[in-house]
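Summary of structural features
Listed below are the residues making up each chain.
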Amino acid sequence: DAIRHDRTIVANVSRSVIATARAAYADVLVVAITAPAEVLAQRLAQRARSSDGAISERLNRAADNVDAIPDRSIENVGDAALHAAEFVRIIRGRD
C-alpha cells in the first residue's frame, strides 16, 4: 500500500533479493552499510552466532554477488550517530 502511495520504504534484505527488487520496482536505491573486512570479522566473531556460518565464507558472499552492487555505501566505523544521519540524508535524497 505504501509503495502505491509513492512513499519511501526502507527494508533490510538479503543480497539475494536485490536483483528481484530492482526488476519489480522503479526506484530501488541500495545502500550497503558495511565496514572493512577485519572489522566485520571481529564483529562476527564477537557475535558468535552459529547461524552466521564460517566467518570467511560470510565475508566473501558480498563480493561474489554482482547483482547486489549497492548504489551507495556507508562505512560503519566510528560514530554510529554520524552514519545514521548519513543514511537518513541518502534516503531523503539529500546526499
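The next point concerns the overall build of the protein. Each helix and strand in the protein was counted, giving four helices and two strands. Out of the 95 residues belonging to the protein, those deemed buried represent 13%. The contacts in the protein between residues at least 6 apart in sequence include a share of 56% that link residues at least 24 apart. Here the protein displays about 7,300 Å² of accessible surface, and carbon together with sulfur accounts for 50% of that area.

Its identity as a non-glycine residue notwithstanding, Asp 6 has a phi of 60°, on the positive side. Mapped onto the secondary structure, Asp 6 falls in the segment before helix H1 (18-24).

The grouping of Ile 3, Ile 9 and Tyr 25 at the surface amounts to a nonpolar patch, some 300 Å² of accessible area in total. Structurally, the position occupied by Ile 9 is in the segment before H1. Note on Ile 9: relative accessible area 48%, which makes it partly exposed.

Summed over all chains, the structure comprises one salt bridge. Two residues, Asp 71 and Arg 22, come together in a salt bridge whose shortest N-O distance is 3.4 Å. Taken as a pair, Asp 71 in the loop between helix H3 (55-64) and strand S2 (72-75) and Arg 22 in helix H1 lie far apart in primary sequence, 49 residues in all. Residue Asp 71 is classed as partly exposed on the basis of its relative accessible area, which comes to 38%.

Looking at the secondary structure, you find His 83 in helix H4 (residues 80-91). Residue class for His 83 comes out buried when judged on its relative accessible area of 16%. The residues touching His 83, leaving out its near neighbours within four places in the chain, are Ile 74, Glu 75, Asn 76, Val 77 and Gly 78.

It is worth spelling out the confidence of the model for the protein at this point. Averaged over every residue, the pLDDT of the protein is 83; residues scoring 70 or more account for 79%. The least confident element of the protein, judged by mean pLDDT, is H3 at 64; the most confident is H4 at 95.

Criteria and thresholds
Each chain has its residues counted from 1, running along the sequence as written. The predicted nature of this model means local features are confined to residues of pLDDT at least 70 and side-chain atom pairs, given and counted, to a pLDDT of 80 or more, with totals for whole chains, interfaces and linings taken over all residues. Note: side-chain values were computed over all heavy atoms of the structure, leaving out hydrogens and water. Secondary structure counts use DSSP, requiring at least four H or I residues in a row for a helix and at least two E residues in a row for a strand, with both numbered from the N terminus. Burial here depends on accessible area, computed with a 1.4 Å probe over protein chains only, as a share of the maximum for the residue type. Under 20% is buried, over 50% is exposed, and the range in between is partly exposed. By definition, residues are in contact when any of their heavy atoms lie within 4.5 Å. Accessible surface is estimated by sampling points in the Shrake-Rupley manner with a 1.4 Å probe; for residues, cover comes only from the protein chains shown. Patch building starts from residues that exceed 30% relative accessible area and form no salt bridge, then joins like charges within 9 Å and nonpolar side chains (Val, Leu, Ile, Met, Phe, Trp, Tyr) within 5 Å. A pairing counts as a salt bridge when a side-chain nitrogen of Lys or Arg comes within 4 Å of a carboxyl oxygen of Asp or Glu. Every residue is assigned a pLDDT by the predictor, reflecting its confidence on a scale from 0 to 100.

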